[in-house]
Amino acid sequence: MNDTDHLTGENRLPQGRTDELRVELGGRGYPIIVQCDAWDSVVNRVRQSLPDLTHTLVVCDEAVRQRWGNPLVEGFGETGRCDLFTVPSGEPSKSLESLGRLWDWMLASGADRRSVVIAVGGGVVGDLAGFAAATYARGIRLVQLPTTLLSMVDSSVGGKTGINLAGGKNLVGAFWQPSLVVIDTATLRTLDDRGYRGGLAEVIKYGLIEDADFFDWLEANADHLLARRDDVVARAIMTCCRIKAAVVADDERETSGRRAILNYGHTFGHAIEATAGYGVFTHGEAVAIGMAMAARLARSLGRIGDEFVARQDVLLTACGLPTRWPEADPQAMVPVMKKDKKVAHALLRFVLPTRIGHVELVACDSLPEIEAAILACR
Ligand code: GLY
């Protein structure tokens, strides 16, 4: 694949076709496979990647167990030992309690250092199962099989794993790279519209932060994306994963600031989720409004003009995403933003654009400007 392939919008990935790229991390590198409607092949793909596989621990979101989890358990069970752990859908499963249950179950299942955790579901399952894999027996292998658009383009790639604390999201975790990621666009068919559209917020984010041509292509293909046209969705996923893989290869543990660009819109977004009450907005919806606020902050700091803000708003809206929240309250949101992981010595830092396709990590302690950006999206 070359970098401009995604610009054509041609039907490049019909049923059963596969595309592949690699996260280049030396000995911790791994392939990401994007395929259309070939769930039957997943067991073989995992076996090919991990030929010494004898024991699989399938950790599956309850909502997709029947359709996507059970066939895997059957397949892995044919030639080895396979155990299934079901996780209730939703953010509360990313808790210490669930993690404790999962660790105990792994022990009871006879897991050892040759066992492999297979995470099947969205970001909640991927983060929880990933953290269990990172910590059980000081770390065992992990395969990510994301079934939501959001986890396909973000959480399944790059090795961030973890759980929430009562005081905040993702505050305990580890970097633990998977051995393999397999993305099958067929799984998106069982995703509800709201969940799917939330994933589109992260897709749009990639165009805004790193690839102006991709942003143009998204503008031209918004209708096809909303209609979940397989080839268009697969091409979008592949492009997002290519961008994420490159960013992660540059800055695996988020030390240089490069990886932080993936958090465009997330400082406002996390504060929106927390102050609205978890569950009011999906993560993707909160990120969409968060990007709207971040763009307004960037504009008031003279970093971008009106055109950026308008194009971003128009594309988000075309993809069925919100750009406003009438109840947004700066007094409630700013204290949450001060607990963001990007805060350095009490100084708030934001990922802000300079143009479509480029963002920077910027320190900003101007409360009036931050509050005005929030109020501008009410
Ligand atoms: N979700 C942001 C990252 O993986 O760094």
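Preceding this section is the structure that the text describes.
Residues numbered from 1 in each chain as written. Predicted model: local features only at pLDDT ≥ 70, side-chain atom pairs only at ≥ 80, totals over all residues. Heavy atoms only, no water.

Draft legend 1. Region of the structure containing the site of the ligand. Within the structure, the ligand sits among Asp154, Lys160, Lys244, Arg259 and Leu262. Contact distances for the ligand include 2.5 Å between an oxygen atom and a side-chain N or O atom of Lys244. Between the ligand and the protein, one listed contact pairs an oxygen atom with a side-chain N or O atom of Arg259 at 2.6 Å. Burial of the ligand by the protein chains amounts to 89% of its free accessible area of 200 Å². Tallied by class, residues from the shell around the ligand come to 1 nonpolar, no polar and 4 charged. (Near = heavy atom within 4 Å. Polar contact = N/O pair within 3.5 Å; in protein donor to acceptor, adjacent residues only side chain to side chain. Areas by Shrake-Rupley, 256 points an atom, 1.4 Å probe, with all protein chains shown as cover. Nonpolar A, V, L, I, M, F, W, Y, C, P; charged D, E, K, R; others polar.)

Draft legend 2. View of the sheet that holds strand β6 (residues 141–146). Strands sit in the order β1-β2-β9-β6-β5-β3-β4 across an open sheet of 7 strands; the sheet is mixed. In this open sheet, the two strands that pair with only one neighbour each are β1 (18–23) and β4 (81–87). Along the sheet, successive strands turn relative to each other by an average axial angle of 15°, direction set aside. When strand β3 (residues 55–61) meets β4, the two strands line up parallel, connected through 7 bridges. (Pairing = 2+ DSSP bridges. Helix = DSSP H or I, 4+ residues; strand = E, 2+ residues; numbered from the N terminus. Axes fitted to C-alpha atoms, helices over the stretch in contact; angles between N-to-C directions.)

Draft legend 3. The arrangement of the packing of helix α7 (residues 212–226) against helix α11 (residues 306–318) in detail. The interhelical angle for the contact between α7 and α11, taken along N-to-C directions, is 20°, at an axis separation of 9 Å. If you check the angle between α7 and α11, you find them roughly parallel. Judged by the sense of rotation from one axis to the other, the crossing of α7 with α11 is left-handed. Two secondary-structure elements touch here, α7 through Phe215, Asp216, Leu218, Glu219, Ala222 and Leu226 and α11 through Arg311, Gln312, Leu315 and Ala318. Of the residues in the contact of α7 with α11, the class split is 6 nonpolar, 1 polar and 3 charged. (Parallel < 35°, antiparallel > 145°, perpendicular 65-115°, else oblique. Left-handed = near helix turned anticlockwise from the far one by under 90°. Contact = heavy atoms within 4.5 Å.)

Draft legend 4. Structural view of unusual backbone geometry. The phi dihedral of Ala137 is positive, around 50°, even though this residue is not glycine. When you line up the elements, Ala137 lands in the loop between α4 (123–135) and β6. Judged by relative accessible area, Ala137 falls into the partly exposed class, the value being 29%. For Asn170, which is not glycine, the phi dihedral falls at a positive 60°. Looking at where Asn170 falls in the secondary structure, it is placed in strand β8 (residues 168–175). (Buried < 20%, exposed > 50% of the residue type's maximum accessible area, 1.4 Å probe, protein only.)

Draft legend 5. View of the nonpolar core. Counting 83 residues, the largest nonpolar core has Ile237, Tyr264, Phe268, Met333 and Ile370 as its most contacted members. Per element, the largest residue contribution to this core is 12 residues, and it comes from helix α8 (residues 230–250). Excluding residues that lie within four positions of it along the chain, Phe268 makes contacts with Gly290, Met293, Ala294, Leu297, Met333, Met337, Phe350, Ile370, Ala373 and Ile374. (Core = buried A, V, L, I, M, F, W, Y, C linked by side-chain atoms within 4.5 Å.)

Draft legend 6. Representation of the pairing of strand β2 (residues 30–35) within the structure. The buried count for β2 comes to 6 of 6 residues, which makes it a mostly enclosed element. Across the two faces of β2 the burial is the same, with Tyr30, Ile32 and Val34 and Pro31, Ile33 and Gln35 all buried. Relative to β2, β1 runs antiparallel, the two being bridged by 6 bridges. Across the sheet, Leu21 pairs through a bridge with Ile32, a residue of β2. Counting the residues in the hairpin turn of β1 and β2 gives 6 residues, including Gly26, whose phi is positive at 55°.

All quantities given are derived from atomic positions and should not be read as evidence of function.
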